[in-house]
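Below, each chain spelled out in residue letters.
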Amino acid sequence: MSNLLKAGFSRVDITPMMGIGLEGYYVDRFADGVLDPLEVNALALACGDSKVVLLSLDNCGIPTALQLQYKAAISAATGLKSEEIYISCTHTHTGPFLRLPHADKLEEQYSAFVEGRLCDAAKLA
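As the structure is a prediction and not an experimental result, all values here were calculated from the model.

Ranked by internal contacts, the top residues of the largest apolar core, which has 27 residues, are Val40, Val53, Leu55, Tyr70, Ile74 and Leu98. When contributions to this core are tallied by element, the ones reaching two or more residues are strand S2 (39-47), strand S3 (50-57), helix H1 (64-78), strand S4 (85-89) and helix H2 (105-124). Considering every element that reaches this core, the biggest residue donor is H2, with 6 residues. Those residues in contact with Ile74 that lie beyond four places of it in its chain are Leu55, Gly79, Ile85, Ile87, Leu118, Cys119 and Ala122.

This is the structure:
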């Protein structure tokens, strides 16, 4: 078994569509422009047979059920085991809601978009 550490990094854009509801601040807010893009950053590490991918998402948070759905999709896309995939959030209050059930069609579309982009980031890293 090799003890050579391999690392890879990727960054993908997850800036939402305009009009989607934004989390935080206890008042209804909706995206009406982009000051800074939102991103997923991924760090993949491998040493011998051990592999892991760490994904950092510009969002306030992800409920467990949705995180498990995302991990299953990433696992299917990469071949990694669910326990080799870690997803964290930067806790930004200017990102869209990621929740189940989805409040509207925009949230549902954005959640599916984020799922695909998490898979892309993991594969690219």
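Tallied over the full model, the rule gives 3 salt bridges. Between Glu107 and Arg99 there is a salt bridge; the shortest N-O distance is 2.5 Å. Accessibility expressed as a relative area gives 3% for Glu107, which makes it buried. On the basis of relative accessible area, Arg99 is assigned to the partly exposed category, the value being 30%.

So, on to a nonpolar patch on the surface. A surface patch of nonpolar side chains, about 370 Å² in accessible area, is lined by Phe9, Leu43, Leu54 and Tyr86. If you trace the backbone, Leu54 turns up in strand S3.

With that settled, the discussion passes to the side chain of Glu84. By secondary structure assignment, the location of Glu84 is in the loop between H1 and S4. No salt bridge is formed by the buried Glu84. Its closest oppositely charged neighbour is Lys81, at 4.5 Å. Separated by 2.8 Å, the side chain of Glu84 and the backbone nitrogen of Lys81 make a polar contact. Residue contacts for Glu84: discarding those within four places in its chain leaves Lys51, Val52 and Val53.

For the rest of this paragraph, the subject is the packing of aromatic side chains. The description of two aromatic rings rests on the distance between their centres and on the angle between their planes. According to the stated counting rule, one finds 1 aromatic pair in the structure shown. Each ring, one from Tyr110 and one from Phe113, has its centre 6.0 Å from the other, and the planes form 40°; the classification is tilted. Here Phe113 and Tyr110 lie together in helix H2, a separation of 3 residues that amounts to about one turn. The class of Tyr110 is buried, set by a relative accessible area of 1%. Its relative accessible area of 33% is what places Phe113 among the partly exposed residues. Positioned above the aromatic ring of Phe97, the side-chain terminus of Arg99 is 3.9 Å from the ring centre.

Analysis parameters
Counting from 1, residues in each chain are numbered in the order their sequence is written. Owing to the predicted nature of the model, reporting of local features is limited to residues with pLDDT of at least 70; listing and counting of side-chain atom pairs is limited to 80 or more, with chain, interface and lining totals taken over all residues. Side-chain metrics rest on all non-hydrogen atoms present in the structure, leaving aside hydrogens and water. The set of buried Ala, Val, Leu, Ile, Met, Phe, Trp, Tyr and Cys residues whose side-chain atoms join them within 4.5 Å is what this entry labels a nonpolar core. Burial classes: relative accessible area under 20% of the type maximum marks a residue as buried, over 50% as exposed, and values in between as partly exposed (1.4 Å probe, protein chains only). Helical segments are the DSSP runs of H or I of at least four residues, strand segments are the runs of E of at least two, and each set is numbered from the N terminus. By definition, residues are in contact when any of their heavy atoms lie within 4.5 Å. What makes a salt bridge here is a side-chain nitrogen of Lys or Arg within 4 Å of a carboxyl oxygen of Asp or Glu, nothing more. What goes into a patch is any residue over 30% in relative accessible area without a salt bridge, connected to like charges within 9 Å or, for nonpolar side chains (Val, Leu, Ile, Met, Phe, Trp, Tyr), within 5 Å. For accessible areas, the Shrake-Rupley method is used with a probe of radius 1.4 Å. Any residue's cover is judged against the shown protein chains and nothing else. Positive: Lys, Arg. Negative: Asp, Glu. His and the chain ends are not part of the count. Here a polar contact is recorded for every N or O atom pair within 3.5 Å, except that within protein the pair must consist of a potential hydrogen donor and a potential acceptor, and residues adjacent in sequence are included only if both atoms are side-chain atoms. Stacked, edge-to-face and tilted are the three classes for Phe, Tyr and Trp ring pairs, Trp counted by its six-membered ring, which pair at centre distances within 6.5 Å; planes under 30 degrees apart are stacked, over 60 edge-to-face, the rest tilted. For a lysine, the NZ atom is tested; for an arginine, the CZ atom; a charge sits over a ring if that atom is within 6 Å of the ring centre and within 35 degrees of the ring normal.

Without other data, these values stay purely geometric and don't point to any function.
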